[in-house]
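Residues per chain, in single letters:
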Amino acid sequence: MLCKEKARWFCLNDPQGAEGFTLDTEDLEKFVLSPAPQGVTIKCRITRDKKGVDRAVFPTYYLHMERDDGKKIFLLGARKRKKSRSSNYIISVDPTDLSRGGEAFVGKLRSNLLGTHFTIFDNGDNPKKPGEKIRQEMGAIVYETNVLGFKGPRKMSVVIPGMNLDHERVEIKPRSEHDNLIERWKRKQMENLLELHNKTPVWNDDTQSYVLNFHGRVTQASVKNFQIVHDNDVDYIVMQFGRVAEDVFTMDFNYPMCAVQAFGIALSSFDSKLACE
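It should be emphasised that the depicted structure is a prediction, and the values quoted were computed from it without experimental measurement. (Residues numbered from 1 in each chain as written. Predicted model: local features only at pLDDT ≥ 70, side-chain atom pairs only at ≥ 80, totals over all residues. Heavy atoms only, no water.)

Peer 1: What is the right way to read the sheet that holds strand S9 (residues 193–198) from this model?
Peer 2: Paired through backbone hydrogen bonds, the strands of a sheet run either parallel or antiparallel to each other. Strand order in the closed barrel formed by 12 strands is S1-S2-S3-S4-S5-S6-S7-S8-S9-S12-S13-S14, with antiparallel pairing between adjacent strands. Neighbouring strand axes in the sheet, compared pairwise and without regard to direction, differ in orientation by 20° on average. (Pairing = 2+ DSSP bridges. Helix = DSSP H or I, 4+ residues; strand = E, 2+ residues; numbered from the N terminus. Axes fitted to C-alpha atoms, helices over the stretch in contact; angles between N-to-C directions.)

What follows is the structure, encoded as structure tokens:
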């Protein structure tokens, strides 16, 4: 069966997995910015590299797509920028070039000073600076602060642009801070936006912990494991993320999310949030 999606850089044989994917690396940037095809779960793995002089503080993260034949295809790399007042991650389609000015730069993740609000941008220019291409906001993540020191599961809200009738992402290009995704979400101005939340875990008396059903994709308990859903259909997992080893995590996502959005959300979860723990 040939998939007749607009995206021509893959065909699909198995509607439940990525078995039929063929990925042209020439189109890697297009692939990571395009929504997952409807009916397909993109299964990925994130590895965290802490080796090196400063990588304990500034680790590098690599995202690979897992194929059903066991092969892995590199999609994205990211590293926290040094000398930045708030957390700032560069996202690149080249694992050897994690620089802001590099050809492979496809997006970035930036937090507020508290580390509770995060915004995912594409590789466009800041509207305050002269440039030919104003950046798009691809998503925003808001972590609810646990003021009382409650150690239960963290609550997070995710805001992403909606899709038009052609299943293309609506472009959100704020020209001022007042009009960005988080400010619109605060004002409940949700036109052309989609609000998602992490699925509420259930307390398990046997393990004495909060648990979610990851269907075997997550093997280690962690406060950072999560599933992202829409309130109207909590059984449709838009994205899930969880630990399988000390520095290895699975990250799966579905339509309408793309790899850059899902990776940005995962990176926000790695980031230290003193106000949220």
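Having seen the model, we can carry on.
Peer 1: Hey, could you run me through the pairing of S9 in this one?
Peer 2: Here strand S8 (residues 156–161) runs beside S9; their pairing, made up of five bridges, is antiparallel. Looking at S9, one finds that valine 158 is bridged to leucine 196. As paired elements, S9 and strand S12 (residues 226–229) share two bridges and run antiparallel to each other. Across the sheet, histidine 197 pairs through a bridge with valine 229, a residue of S12.

Peer 1: Hey, could you run me through unusual backbone geometry in this one?
Peer 2: Among all residues except glycine, the phi angle is most often negative; among peptide bonds, the trans geometry is most common. With an omega dihedral of 10°, the bond running from tyrosine 255 to proline 256 counts as a cis peptide bond. Mapping proline 256 onto the fold places it in the loop between strand S14 (248–253) and helix H3 (259–270). Positive phi is not limited to glycine here, since lysine 188 has a value of about 60°. Looking at the secondary structure, you find lysine 188 in the loop between helix H2 (181–186) and S9. On the basis of relative accessible area, lysine 188 is assigned to the exposed category, the value being 70%. At histidine 215, a residue that is not glycine, the phi angle is positive and equals roughly 50°. With respect to the element layout, histidine 215 can be found in the loop between strand S11 (209–211) and S12. Relative accessible area serves as the criterion here: at 67%, histidine 215 is assigned to the exposed category. (Buried < 20%, exposed > 50% of the residue type's maximum accessible area, 1.4 Å probe, protein only.)

Peer 1: In this structure, what is going on with the packing of aromatic side chains? I would like to understand it.
Peer 2: The relative placement of two aromatic rings is captured by the distance of their centres and the angle of their planes. Enumeration according to the criterion identifies seven aromatic pairs in this entry. Here phenylalanine 118 and tyrosine 143 contribute two aromatic rings whose centre-to-centre distance is 6.0 Å and whose plane-to-plane angle is 80°, an arrangement assigned as edge-to-face. Highlighted residues: phenylalanine 118 in strand S6 (residues 117–122) and tyrosine 143 in strand S7 (residues 137–143), separated in sequence by 25 residues. There is no split in this pair, since phenylalanine 118 and tyrosine 143 are both buried. Counting every residue linked through ring pairs, the aromatic cluster contains Tyr61, Tyr89, Phe226, Phe241, Phe249 and Phe270. The ring of phenylalanine 121 has arginine 135 lying over it, and the distance from NZ or CZ to the ring centre is 4.0 Å. (Phe/Tyr/Trp six-rings, centres within 6.5 Å; stacked < 30°, edge-to-face > 60°. Lys NZ or Arg CZ within 6 Å of the ring centre and 35° of its normal.)

Peer 1: Would you explain the nonpolar core in this entry?
Peer 2: Across soluble globular proteins, nonpolar side chains have a tendency to be buried as a group. The biggest cluster of nonpolar side chains holds 50 residues, and the ones touching the most others in it are Ile46, Leu75, Leu76, Met239, Met251 and Phe253. Dropping the residues within four chain positions of it, methionine 239 is found in contact with Phe226, Gln227, Ile228, Met251, Asp252, Phe253, Met257, Ala262, Ile265 and Ala266. (Core = buried A, V, L, I, M, F, W, Y, C linked by side-chain atoms within 4.5 Å. Contact = heavy atoms within 4.5 Å.)

Peer 1: Please clarify how the confidence of the model for the protein chain should be interpreted in this entry.
Peer 2: Across the protein chain, the average pLDDT comes to 83, with 83% of residues at 70 or higher. Every residue in residues 1–19 is under pLDDT 50, and counting partners more than four places away or in other chains gives 41 contacts. (pLDDT = per-residue confidence, 0-100.)

Peer 1: Is there a simple way to think about the pairing of strand S4 (residues 88–92) in this case?
Peer 2: The side chains of a regular strand alternate, first on one face of the sheet and then on the other. Burial within S4 is extensive, with five of its five residues counted as buried. Side chains Asn88, Ile90 and Ser92 project from S4 onto one buried face, and the interleaved Tyr89 and Ile91 project onto a second face that is buried too. Judged from the four bridges that link them, strand S3 (residues 72–80) and S4 form a sheet pairing that is antiparallel. By the bridge assignment, arginine 79 is partnered in S4 with isoleucine 90. Where S4 meets strand S5 (residues 105–111), five bridges bridge the pair, whose relative direction is antiparallel. Among the inter-strand pairings, isoleucine 91 is bridged to a residue of S5, identified as glycine 107.

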